[in-house]
Amino acid sequence: ALTFDDGPSVYTNQLLDILKENDAKATFFVLGKSAKVQKNTVLRTFHEGHQIGNHSWDHKDLKKLSKADIEQQINETNQTIKNITGKVPNVLRPPYGSYNNSVKEIAKMPIILWDLDPLDWKDRDAALVAQRMSEAKPNVIVLAHDIHKSTVEAMPKVISALKKKGYHLVTIDQLFAGKSLINGQIYNKRK
Ligand code: NI
């Protein structure tokens with residue numbers, strides 16, 4: 001399951017084009033603040049069969065916030081996404097993968113982390129990112145960011161490499177189909 005964090009951005013539509021051409025689905029963990037100003041991109045993402053998850057309002061480290069502020073970060077983002085797509089997100093990815101017991105409790109959603117981090121935020125090199133992402137094992141969740149041009153440029157190679165290995169590129173819901181995920185619990189792959 002490929003996942004894209006921190007968008008939507010100016011590169012998201014290009015990524016959606018690539019996913020569409022390759023008949024691949026993904027999950028987008030969006031920021032409420034960015035979703036609010038790029039409603040059409042969020043709506044397109046949703047209509048094209050991708051999953052929209054909650055990545056907080058503006059990328060604060062939730063572990064460092066009060067309970068009231070954690071609640072606001074999560075709930076305002078849920079509400080913003082619901083206003084656009086009509087559907088409340090059912091998965092949370094806290095920024096930096098950072099959480100504590102308050103986050104787990106307030107989330108009221110499963111917390112989705114990752115098994116493979118290609119460090120695409122650090123190395124803005126499409127070939128390198130493609131090589132790292134192509135090493136994904138079956139049933140895992142892969143982290144990436146659709147706010148970087150190099151990451152989006154890496155995707156045709158990644159998709160073709162993974163498809164060659166016989167993988168299906170799916171959303172988080174599809175990855176965990178038939179399993180019931182527990183609110184506040186952490187997941188990084190299908191076991
Ligand atoms: Ni992030």
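Throughout this description, residue numbers start from 1 for each chain and increase along the sequence as written. At least 70 in pLDDT is required for a residue's local features to be given in this predicted model, at least 80 for side-chain atom pairs to be given and counted, and no such filter applies to totals for whole chains, interfaces and linings, which use all residues. Side-chain numbers here rest on the full set of heavy atoms in the structure, without hydrogens or water.

> Run through the coordination of the nickel ion, naming residues and quoting values.
Each pair of donors in an ideal four-coordinate tetrahedral metal site encloses 109.5 degrees, whereas pairs in an ideal six-coordinate octahedral site enclose 90 or 180 degrees. With water excluded from the atoms, a metal site may look incomplete; its donors are any N, O or S atoms within 2.8 Å, or within 3.2 Å for Na, K and Ca. Around the nickel ion, the protein contributes the donor atoms D6 (OD), H55 (NE2) and H59 (NE2), at 2.0 to 2.1 Å from the metal centre. Of note, the donors binding the nickel ion are all from one chain and are spaced D-x48-H-x3-H. Placement of D6 in the loop between strand 1 (2-5) and helix 1 (12-21) and of H59 in the loop between strand 3 (51-54) and helix 4 (67-85) is noted, with a sequence separation of 53 residues between them. In DSSP terms, a helix is any run of H or I states spanning at least four residues, a strand is any run of E spanning at least two, and both are numbered starting from the N terminus.

> Describe the environment of D146, and please don't skip the residues or the numbers.
Inspection of the secondary structure puts D146 in the loop between strand 5 (142-145) and helix 7 (149-164). Any pair of residues with heavy atoms lying within 4.5 Å of one another is described as a contacting pair. In this structure, D146 is in contact with F4, D5, G7, P8, S9, Y11, T12, L15, F28 and V152, ignoring residues within four places of it in sequence. Here T12 takes part through its side chain, which lies 2.8 Å from a polar atom of the side chain of D146. Polar contacts here mean pairs of N or O atoms no more than 3.5 Å apart (in protein, one a potential hydrogen donor and the other a potential acceptor; neighbouring residues in sequence count only if both atoms are side-chain atoms).

> Can you break down the pairing of strand 1 residue by residue, with the values?
Side chains L2 and F4 of strand 1 all project onto a buried face; the interleaved residues T3 and D5 project onto the opposite face, where all are buried too. Both strand 1 and strand 5 contribute to a ladder of four bridges, which runs parallel. Each residue of the ladder has a partner; that of F4, found in strand 5, is A144. Across three bridges, the pairing between strand 1 and strand 2 (residues 27-30) is parallel. Within strand 2, the residue paired with D5 across the bridge is F29. Burial classification: accessible surface area is computed with a 1.4 Å probe over protein chains only, and a residue below 20% of its type maximum counts as buried, one above 50% as exposed, and the rest as partly exposed. For two strands to be treated as a pair, DSSP must find no fewer than two bridges joining them.

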